[in-house]
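One letter stands for each residue in the lines below.
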Amino acid sequence: MTALASTSVRRRRPLMWLLAAAGPVRGRLVLAAVLGAATTAAGIGLLGASGFLIARAAEHPGVTALTIAVVMVRALGVSRGVFRYLERLTAHDVAFRVLGDVRVRIYRRLARLAPAGLRPLRSGDLLSRLVSDVDSTQDLFVRGVVPVAAAALAGGGAVAACAFLLAPAAGMLAVGLLVAGALLPALSAARARAAGRRTARARGAVSARVVDALAGAAELHAFGAQDRALAAVAEADAELTAQSRRGALVQAAGAALASLAAGLTVWAVLLLGVAAVEDGTLGRVPLAVLALTALAAFEATSALPAAAAQLAETRAGAARILDVLDAPDPVAEPPSPAPPPEPPLTVRMRGVRARYTPGGPLVLDGLDLDLTPGKRVALVGPSGAGKSTVAALLLRFLDPAGGTITLNGTDLTAFASDQVRRLIGGCPQDPHIFDATVRDNLKLARPQASDAELADAAARARLLPWIESLPDGWDTHVGARGARMSGGERRRLALARALLADPALMILDEPTAHLDRPTAAALTADLLRATQGRTTLLITHDLTGLEEIDEIVVLDAGHVVQRGTHAELLARPGLYRTLWRCSAPDACAVP
Ligand SMILES: Nc1ncnc2c1ncn2[C@@H]1O[C@H](COP(=O)(O)OP(=O)(O)OP(=O)(O)O)[C@@H](O)[C@H]1O
């Protein structure tokens, strides 16, 4: 079971859930099953009519005696193809509609779970759930429901037809069809269930390792670790191959046993028929019809054992999708959210405590913070002090484990998280730059923004000169994760995006991370200018330029250890002064 699954509250039955997902198209599903039955029935009728035609022709009757059989053979031959085509069309239509619906549901759920609720999943494994597991759901309809329903209808019809000719033979046929169409598929499914789960898990592991190896290709080369990474991919791939082979073996064994059951049954029917001919209770022509009808009836069941084994993978895939759909919400949404507060916004945090896992360590313990309109507060402290956790709490990616956070006097948890994120926003620690144009990356914050507004935000983030220097200007493609931009340009683009969104409380999380000192200093100066008069929470461990900040709160191991202005904090010994001295270009001095 995955980490995500283990946190799941309730377990739904995967195939039942998938069937229920087809509810809106159940009419088409029934039509596909009827068309499948018609295809098989036409196949059985074709062979039965052919048997009649050949046997009767051998008796040299007049042509008129054969006319109806000839017409039937032609009609059944043609209609079988037409029915098959329509059945495929309808069954795939159902499968793709359900597949599209499941994809939308899983994507919506991911959007709600991200980022806090997705941490238990590796990105490659998530990709595998989104692609392979969702793809495998179509087998339930194309190889499961429709063939089973068709086999039941057509098989029942064949047994009934044979019963008219010779009852014991019909009984034998019914037993053979039950063995090939019910017993063997049930055994195959039971054998394949564990293999199906392991195959889906192994596919997720391969995907996770490949995505990891590709995303970290530069680091792997730099540290000469590419062979180890490739070996890990090969190992995961070998496991997937072994599991797939096990699944294929079960499928092949099921198919072989189904053929054996069909062969034995047809022989038994033939022997019973021959005995009946010798007794005089059955004519020679009906014997041919009986034997060929029995043979054709197995067309309906021959694929079922392999399909049942294949469905074990579908079941495992659907279970992995349910792990995501049923994962608990990272934050509790209020049943009836309070109306969003009107800006200007006052945010107060009192005695706030936070932890990432129930019963886990407190990463914030007793935080008090006031963010009043127009006030700029900087949250500083060593790495791991809990600074970004404050941002996660304010953005409702995480609910407090204690204490209160209020927006204009109302508890933050009374608002829907989407509403909160419309008022509180900014620039995350690791902003994502999309593989799109500069314009589209910026418009993400406000799709309706005019060119003038885009230019204004870019100018305030000091990005405009760079954009205007590009041959394609605003239409320049920046590459995956902004690969064609420098670190500073990426940060400025993220800042421009935040300025364009214009949230009532702007949170800037480490806006100067990974930049060299002159670039960081220039960016800090720019963002301080851009945020003048705005309610801003600046999270940083870079202490340059904080002279203009109204209040600096120093966090250490989840506790506030100091607060004041830059001048006040520098005037007395403490963590701030130590950090400030450490941030000097020459050395880290002890206070
Ligand atoms: N998703 C998470 N699950 C579990 N623990 C987490 C998670 N995110 C952060 N932590 C832990 O919470 C503590 C505070 O992390 P946080 O990211 O808030 O620190 P920070 O002060 O922002 O650090 P940095 O300056 O390095 O970004 C750390 O001990 C960290 O390991």
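Residues numbered from 1 in each chain as written. Predicted model: local features only at pLDDT ≥ 70, side-chain atom pairs only at ≥ 80, totals over all residues. Heavy atoms only, no water.

Visitor: Now, about the site of the ligand: what can you tell me, with residues and values included?
Guide: Contacts to the ligand come from 14 residues, most closely from Ser 383, Gly 384, Lys 387, Ser 388 and Thr 389. Note that an oxygen atom of the ligand is positioned 2.5 Å from one of the side-chain N or O atoms of Ser 383. A distance of 2.5 Å separates an oxygen atom of the ligand from a polar atom in the side chain of Thr 389. Computed on the free molecule, the ligand has an accessible area of 640 Å², of which 65% lies beneath the protein chains in the complex. By residue class, the composition of the shell around the ligand is four nonpolar, seven polar and three charged. (Near = heavy atom within 4 Å. Polar contact = N/O pair within 3.5 Å; in protein donor to acceptor, adjacent residues only side chain to side chain. Areas by Shrake-Rupley, 256 points an atom, 1.4 Å probe, with all protein chains shown as cover. Nonpolar A, V, L, I, M, F, W, Y, C, P; charged D, E, K, R; others polar.)

Visitor: Describe the sheet that holds strand 9 (residues 551–556), and please don't skip the residues or the numbers.
Guide: Pairing within the open sheet is mixed, and its six strands lie in the order 6-7-8-3-9-10. Unpaired on one side and paired on the other, strand 6 (424–427) and strand 10 (559–564) mark the two borders of the sheet. Within this sheet the neighbouring strands show an average axis-to-axis angle of 20°, counted without direction. Note: strand 3 (residues 376–380) against strand 8 (residues 536–539), four bridges, orientation parallel. Its bridge partner being in strand 8, Arg 376 is matched across the sheet by Thr 536. (Pairing = 2+ DSSP bridges. Helix = DSSP H or I, 4+ residues; strand = E, 2+ residues; numbered from the N terminus. Axes fitted to C-alpha atoms, helices over the stretch in contact; angles between N-to-C directions.)

Visitor: Which residues make up the domain arrangement of the protein chain, and what values do they have?
Guide: Under the domain assignment used here, the protein chain contains domain 1 (3–325) and domain 2 (347–582). Put simply, the middle of domain 1 and the middle of domain 2, counted by C-alpha atoms, are 53 Å apart. (Domains from an automatic or database assignment.)

Visitor: Describe the environment of Pro 185, and please don't skip the residues or the numbers.
Guide: Along the chain, Pro 185 falls in helix 7 (residues 167–215). Sequence separation of Pro 185 and Ala 520 is 335 residues, and the distance between their C-alpha atoms is 66 Å. Sequence-distant contacts of Pro 185, that is, excluding residues within four places in its chain, are made with Val 179, Ala 180, Leu 304, Pro 305 and Ala 308. (Contact = heavy atoms within 4.5 Å.)

Visitor: So what's going on with a positive patch on the surface? Residues and values would help.
Guide: Judged by side-chain charge, Arg 13, Arg 193, Arg 197, Arg 198, Arg 201 and Arg 246 come together as a positively charged surface patch. The element that contributes the greatest number of residues to the positive patch is helix 7, accounting for four residues. Structurally, Arg 193 can be placed in helix 7. (Patch = residues over 30% accessible without salt bridge, like charges linked within 9 Å, V, L, I, M, F, W, Y side chains within 5 Å. Salt bridge = Lys/Arg side-chain N within 4 Å of Asp/Glu carboxyl O. Lys, Arg positive; Asp, Glu negative; His and termini not counted. Charge placed at Lys NZ, Arg CZ, Asp CG, Glu CD.)

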